[in-house]
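Survey of secondary and tertiary structure
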Amino acid sequence: MGFLDAILGRSKPVRPDLDQLFALPSASVTLQAAAGFEATGLGSVCFASVEGGAFARIQEEARALLDGSVEFNQDAYGYTWLLVRHPPEDVAGLVNDLHAVNTSLEEAGFGPQLLCSLVGFRDERQRSLALVYLYKRGTFYPFAPAQGAGEKRDNPLELQVRAMLGDDLTVEKDLARWFPVWGAPGL
């Protein structure tokens with residue numbers, strides 16, 4: 001970081017550390033023990049859409065890498081979501097696949113298009129929760145849509161989960177960066 005950057009309050013962007021995804025199985029155990037949330041077996045990777053042949057190549061490589069157990073969706077904002085399915089008890093396998101997809105995209109030069117990855121959870125009251133990894137920040141945050149309330153969040157639950165997982169995950173401190181991921185596959 002240069003002198004002018006320090007004066008103007010700019011900082012170097014955090015380099016993504018995809019290995020942080022490997023902390024999710026431990027966080028999953030904590031969530032289940034402390035709050036009754038169990039993994040759904042669904043996870044996804046979100047990235048800015050890629051045009052033409054490059055996108056088709058990414059799809060084929062992902063399908064080959066994950067033995068075809070992957071789906072691609074596009075959301076209302078034009079972002080592409082890659083959904084991965086595993087048995088709910090196989091959080092480690094799900095995380096390995098999400099890591100492999102992220103790494104493949106990064107190595108293919110699409111790192112700047114990566115936005116986030118998430119793993120879905122649900123409790124006995126059927127409340128949904130996602131642990132979201134922000135690729136460009138190298139941090140996690142909980143996202144909990146309020147049950148039956150449209151596009152409203154369950155903020156108390158999100159803050160409760162943040163407190164629970166502080167020892168398991170690098171949680172994003174800036175709450176303004178806890179972006180909603182409405183309708184995300186895997187949630």
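Residues numbered from 1 in each chain as written. Predicted model: local features only at pLDDT ≥ 70, side-chain atom pairs only at ≥ 80, totals over all residues. Heavy atoms only, no water.

Take helix α4 (residues 91–110) next. Listed as buried for α4 are V91, G93, L94, V95, D97, L98, H99, V101, N102, T103, L105 and F110. Those residues of α4 that are buried are in contact with α2 (24–35), β1 (38–48), α3 (52–65), β3 (79–85) and β4 (114–122). (Buried < 20%, exposed > 50% of the residue type's maximum accessible area, 1.4 Å probe, protein only. Helix = DSSP H or I, 4+ residues; strand = E, 2+ residues; numbered from the N terminus. Contact = heavy atoms within 4.5 Å.)

What follows is about the packing of aromatic side chains. Any aromatic ring pair is given by two values, namely how distant the centres are and how the planes are angled relative to each other. Summed over all chains, the structure comprises three aromatic pairs. Measuring from ring centre to ring centre gives 5.0 Å for Y133 and F140, while their planes differ by 55 degrees; the resulting arrangement is tilted. A residue is classified by how much of its surface remains accessible, and Y133, at 1% relative accessible area, is buried. Residue classification places F140 among the buried positions, given a relative accessible area of 1%. Both rings, one in F143 and one in W182, keep their centres 5.1 Å apart while their planes meet at 75 degrees; by these two values the pair is edge-to-face. Highlighted residues: F143 in strand β6 (residues 139–143) and W182 in the segment after α5 (155–165), separated in sequence by 39 residues. For W182, a relative accessible area of 27% translates into the label partly exposed. (Phe/Tyr/Trp six-rings, centres within 6.5 Å; stacked < 30°, edge-to-face > 60°.)

Another aspect to go through is unusual backbone geometry. Positioned with a positive phi, Q126 is a non-glycine residue whose angle comes to about 65 degrees. Following the sequence through the fold, Q126 ends up in the loop between β4 and β5 (128–134).

What follows concerns the sheet that holds β5. Ordered in space as β2-β3-β1-β4-β5-β6, the six strands form an open sheet in which the pairing is antiparallel. Edge positions in the sheet fall to β2 (70–74) and β6, since each of these pairs with one other strand and no more. Strand-to-strand, the axes of this sheet are offset by a mean angle of 25 degrees, without reference to chain direction. By the bridge criterion, seven bridges tie β1 to β4 in an arrangement that is antiparallel. Note that in β4 the partner of E38 across the bridge is R122. Along the sheet, α2 makes contact with β1, β4, β5 and β6, crossing β5 at roughly 150 degrees. (Pairing = 2+ DSSP bridges. Axes fitted to C-alpha atoms, helices over the stretch in contact; angles between N-to-C directions.)

Taken across its seven residues, β3 has five buried, putting it largely inside the fold. Here β1 runs beside β3; their pairing, made up of seven bridges, is antiparallel. In the sheet register, F47 faces β3, and the bridge partner there is T80. Hairpin connection between β2 and β3: a loop of four residues separates the two successive antiparallel strands, and G78 in this loop has a positive phi of roughly 90 degrees.

Let us now look at the packing of α2 against α4. Closest axis-to-axis distance for the α2/α4 pair is 9 Å, and the angle between their directions is 140 degrees. Between α2 and α4, the angle is such that the two are oblique. As α2 packs across α4, the resulting crossing turns out to be right-handed. Here L24, P25 and S28 of α2 lie close against α4, whose contacting residues are V91, A92 and V95. Class assignment of the residues belonging to the contact of α2 with α4 gives a composition of five nonpolar, one polar and no charged. (Parallel < 35°, antiparallel > 145°, perpendicular 65-115°, else oblique. Left-handed = near helix turned anticlockwise from the far one by under 90°. Nonpolar A, V, L, I, M, F, W, Y, C, P; charged D, E, K, R; others polar.)

Considering the arrangement of structural elements, one finds H99 in helix α4. H99 sits in the buried class, given a relative accessible area of 15%. Non-local contacts of H99, meaning those with residues more than four positions away in its chain, are made with L18, D19, L21 and F22.

Its place among the elements puts L65 in helix α3. Judged by relative accessible area, L65 falls into the partly exposed class, the value being 42%. Residues L65 and L134, 69 residues apart in the sequence, show an inter-C-alpha distance of 23 Å. For L65, the contacting residues outside a window of four places in its chain are A100, V101 and S104.

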